[in-house]
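So the chains spell out like this:
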Amino acid sequence: MRVQRSKTRWSFPKISQKEQINVLDGDVFFYFTSDRNGDTGASKTAQEWLSDPLAKNMKVLQTGRTYQVNEAIWNTAGGILAANLMVKDLEKIFADIN
């Protein structure tokens, strides 16, 4: 697996309105939701944003390369075990793409 880094520094766009979602367009889109204790608000918001007509115009959604990943592994966990699990996720996803 090879991930090529752009010549510019990676940055994470800060968006606060779904009308800004197009700034997240790319080759592959990873997202997670932080639903806890039976709350489904984050998942509902993600589905609302991803089903919006503006989002449906994004190349990454049109190509089907949108992946919901495990929030604990990709965001809240740390250390080598979480890193290994994240790499396994990436290997599986990119094997499916190729």
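Each remark here, short or long, concerns the structure printed above.
Computed from a predicted structure; not experimentally measured.

### Some remarks on the packing of aromatic side chains
Within the structure shown, the criterion is met by four aromatic pairs. A network of ring pairs unites the aromatic residues Phe30, Tyr67, Trp74 and Phe94 as a single cluster.

### As for the environment of Tyr67
Within the secondary structure, Tyr67 sits in strand β2 (residues 66-68). By relative accessible area, which is 18% here, Tyr67 ends up buried. C-alpha of Tyr67 to C-alpha of Phe29: the two residues are 38 residues apart in sequence and 6.2 Å apart in space. In this structure Tyr67 touches Val28, Phe29, Phe30, Tyr31, Ile93 and Ile97, once residues within four positions along its chain are discounted.

### A short note on the pattern of salt bridges
Evaluated as defined, the whole model comprises five salt bridges. Residues Asp52 and Lys18 are paired through a salt bridge, measuring 3.7 Å at the closest nitrogen-oxygen approach. On the criterion of sequence distance, the pair formed by Asp52 in the loop between α1 (41-50) and α2 (53-56) and Lys18 in the segment before β1 (29-31) is long-range, its members being 34 residues apart. For Asp52, a relative accessible area of 13% puts it in the buried group. One salt bridge connects Asp96 with Lys92, and the closest N-O pair in it is separated by 3.3 Å. With a gap of four residues between them, Asp96 and Lys92 both fall in helix α5 (residues 79-97), about one helical turn apart. Of the two residues examined, Asp96 and Lys92, each falls in the exposed class.

### What about the nonpolar core?
By size, the foremost hydrophobic cluster in this structure holds eight residues: Ile21, Phe29, Tyr31, Ala46, Leu50, Ala55, Met58 and Val60. Elements with a contribution of two residues or more to this core: β1 and α1. Listed in part, the seven residues of the second largest apolar core include Val69, Leu90, Ile93 and Ile97.

Cut-offs applied
Residues numbered from 1 in each chain as written. Predicted model: local features only at pLDDT ≥ 70, side-chain atom pairs only at ≥ 80, totals over all residues. Heavy atoms only, no water. Phe/Tyr/Trp six-rings, centres within 6.5 Å; stacked < 30°, edge-to-face > 60°. Helix = DSSP H or I, 4+ residues; strand = E, 2+ residues; numbered from the N terminus. Buried < 20%, exposed > 50% of the residue type's maximum accessible area, 1.4 Å probe, protein only. Contact = heavy atoms within 4.5 Å. Salt bridge = Lys/Arg side-chain N within 4 Å of Asp/Glu carboxyl O. Core = buried A, V, L, I, M, F, W, Y, C linked by side-chain atoms within 4.5 Å.

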